[in-house]
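Observations on the model geometry
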Amino acid sequence: MSEAVNTAAFFDLDKTIIAKSSVLAFGRSFYREGLLSRRSIAKSLYAQVVFMLVGADAQKMEKLRVAMSAMTRGWNRDQVASIVRDALTDVIEPIIYAEALELFDEHHAAGRNVVIVSSAPLEVVQPLSEFLGADEAIGTRAAIDSEGNYTGELEFYAYGDYKAQAVRELATRAHINLPESYAYSDSITDLPMLELVGNPVAVNPDRELTRVAREREWDTRWFQHPVRLRDRVPVPPKGPTLAAGTAAAAVGTGVVLYVWLRRRALGTR
C-alpha cells in the first residue's frame, strides 16, 4: 500500500512572518539575563536597522553567523530557550504580520501542514513555531558541549541550499508533495527553497527576489499589518516578566534609527 501524500506551506520567518530579525529582537532579553553587554545591544540595534533598510544578502548573513557564533559561545542552550519562551509575548507579538497568520489559517483549512524554516537558532524557531501555531520548525542547530553550552560551532546552518536540503528531507519523511506545496520568503537567499515547490510566493521581497519573481511570474505579496496574537490564540503561561519595558525600548530605538537613516538616505538621492 502506498503512503498518503501530504502538502505543506513553508514559511521563512524574518520579514516574512515577523517584521524584523527574530534573533536581534531578543537582544534586550538576553541583556537582562546577563548574556549580552551594552555594547552588544548597541551593535544588535545597528544590525537591525541595516536589516530593515537593505535586507540580508549572503555576505551579510555570513558575517552575522560568524558574529553570533562567537557571541553565544558558552551560553547555555536551556537558558536561551527559557528566555525566549518567557519573552515571546512582549518581544514578538508587536511585530507579527496579520497577513501571515491569515495564510496559516488558510493552509490549515486546506489540510496543509505549516512549517517555519529559518536560519535562526532552533531554540528561537521552535518556541516561535509553537507560539504561532505552526506544525513543524526547521532552524539552525548549534553544537553543544557535555554541559549543554554552545561551543561556537554549528551542526547545521539552515541557510540557502542547506535550508532547501532540510525541506527536501522533511518532505521525504512526511510524504509531502512539493510540486503541490507552497513556500514564502522575502529574500533571494531563499531561492533554493522557493524553487522546490510548485507555488512559490515572494513576500516583501528584496530587490533581487523582486526581479526573479517578476521574470518567473511568481505571486508577490506585501505584508504590513501587525496583529495582537492574544486576540487570536491563548497566550502561553509566562515566567517572571523580563522584557515588558526593555523590549519596547529596543523596538522604539530601532524605529527611530530606521526613520532617521531612511530620511538621510532619501535626502542624498
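Scroll up to find the structure.
Residues numbered from 1 in each chain as written. Predicted model: local features only at pLDDT ≥ 70, side-chain atom pairs only at ≥ 80, totals over all residues. Heavy atoms only, no water.

**Brief notes about the overall build of the chain**
Looking only at helices and strands, one finds 11 helices and seven strands in the chain. Put simply, 65% of the contacts in the chain that link residues at least 6 apart link residues at least 24 apart. For the chain, the accessible area works out to roughly 13,600 Å², and carbon and sulfur atoms hold 51% of it. (Helix = DSSP H or I, 4+ residues; strand = E, 2+ residues; numbered from the N terminus. Contact = heavy atoms within 4.5 Å. Areas by Shrake-Rupley, 256 points an atom, 1.4 Å probe, with all protein chains shown as cover.)

**Re helix 7 (residues 122-132)**
For the α-helix, the turn length of 3.6 residues means that residues three or four positions removed from each other point alike. A large share of helix 7 lies buried, amounting to eight of its 11 residues. Regarding helix 7, the residues found buried are Glu 123, Val 124, Val 125, Pro 127, Leu 128, Ser 129, Phe 131 and Leu 132. Its buried side turned inward, helix 7 meets helix 1 (22-25), helix 5 (77-92), helix 6 (98-109), strand 2 (113-121), strand 3 (136-144) and strand 4 (150-156). Once helix 7 ends, the next one or two residues include Gly 133, with phi positive near 85°. (Buried < 20%, exposed > 50% of the residue type's maximum accessible area, 1.4 Å probe, protein only.)

**A few points about unusual backbone geometry**
Here Lys 15, not a glycine, exhibits a phi torsion of approximately 65°, which is positive. Its place among the elements puts Lys 15 in the loop between strand 1 (8-11) and helix 1. Judged by its relative accessible area of 14%, Lys 15 is buried. In the Ramachandran plot, His 175 falls in the positive-phi region, its phi being about 55° despite a non-glycine side chain.

**Structural notes on the sheet that holds strand 7 (residues 219-221)**
Ordered by their spatial adjacency, seven strands build an open sheet running 4-3-2-1-5-6-7, and the pairing between neighbours is mixed. Across the chains shown, the open sheet's two edge strands, defined by having one partner strand only, are strand 4 and strand 7. Averaged over all neighbouring strand pairs, the angle between strand axes comes to 25°, with direction disregarded. (Pairing = 2+ DSSP bridges. Axes fitted to C-alpha atoms, helices over the stretch in contact; angles between N-to-C directions.)

**Considerations on the nonpolar core**
Ranked by size, the top nonpolar core spans 41 residues in total, and within it Ile 17, Phe 26, Phe 30, Ile 92 and Phe 104 carry the most contacts. Within the residue set of this core, elements represented by two or more residues are strand 1, helix 1, helix 5, helix 6, strand 2, helix 7 and strand 6 (199-203). If one sorts the elements of this core by residue count, helix 5 sits on top with seven residues. Residues in contact with Ile 92, not counting those within four places in the same chain, are Ile 18, Phe 26, Ala 87 and Leu 128. In this structure, Ala 158, Val 167, Ala 171 and Leu 194 belong to the second largest nonpolar core, which totals 25 residues. (Core = buried A, V, L, I, M, F, W, Y, C linked by side-chain atoms within 4.5 Å.)

**Description of helix 5**
Maximal helix bending in helix 5 amounts to about 45°, located at Asp 86. Structurally, the start of helix 5 carries an N-cap: the backbone nitrogen of Asp 78 is 3.0 Å from a side-chain oxygen of Asn 76. (Bend = angle between axes of the 7 residues up to and from the residue. Polar contact = N/O pair within 3.5 Å; in protein donor to acceptor, adjacent residues only side chain to side chain.)

**Observations concerning the pattern of salt bridges**
Taken as a whole, this structure holds seven salt bridges when the rule is applied. A salt bridge links Asp 12 to Lys 163; its shortest N-O distance comes to 3.2 Å. Here the residue Asp 12 occupies a position in the loop between strand 1 and helix 1, and Lys 163 occupies one in helix 8 (residues 161-174), the gap between them amounting to 151 residues. Given the relative accessible area of 7%, Asp 12 is considered buried. Each of Asp 12, Lys 163 and Asp 190 takes part in one network of salt bridges that share partners. (Salt bridge = Lys/Arg side-chain N within 4 Å of Asp/Glu carboxyl O.)

**Some thoughts on the packing of helix 5 against helix 7**
With their axes 9 Å apart at the nearest point, helix 5 and helix 7 run at an angle of 40° to one another. The angle between the axes of helix 5 and helix 7 places the two elements in the oblique class. For helix 5 against helix 7, the interelement crossing comes out right-handed. Listed contacts from helix 7 to Arg 77, Val 80, Ala 81, Val 84, Arg 85, Leu 88, Thr 89 and Ile 92 of helix 5 are Glu 123, Val 124, Pro 127, Leu 128, Glu 130 and Phe 131. (Parallel < 35°, antiparallel > 145°, perpendicular 65-115°, else oblique. Left-handed = near helix turned anticlockwise from the far one by under 90°.)

**What to know about the side chain of Glu 123**
Mapping Glu 123 onto the fold places it in helix 7. For the buried Glu 123, no salt bridge exists, and the shortest N-O distance to an oppositely charged side chain is 4.3 Å, to Arg 77. A distance of 3.1 Å separates the side chain of Glu 123 from the side chain of Tyr 150, its partner in a polar contact. With residues up to four places along the chain from it excluded, the contact list for Glu 123 reads Arg 77, Val 80, Ala 81, Val 84 and Tyr 150. (Lys, Arg positive; Asp, Glu negative; His and termini not counted.)

**Regarding the pairing of strand 1**
Residues of strand 1 alternate between two faces, with Ala 8 and Phe 10 on one and Ala 9 and Phe 11 on the opposite face, all of them buried. With three bridges connecting them, strand 1 and strand 5 (residues 182-185) associate as parallel partners. Following the sheet pairing, Ala 9 is matched in strand 5 by Tyr 182.

All quantities given are derived from atomic positions and should not be read as evidence of function.
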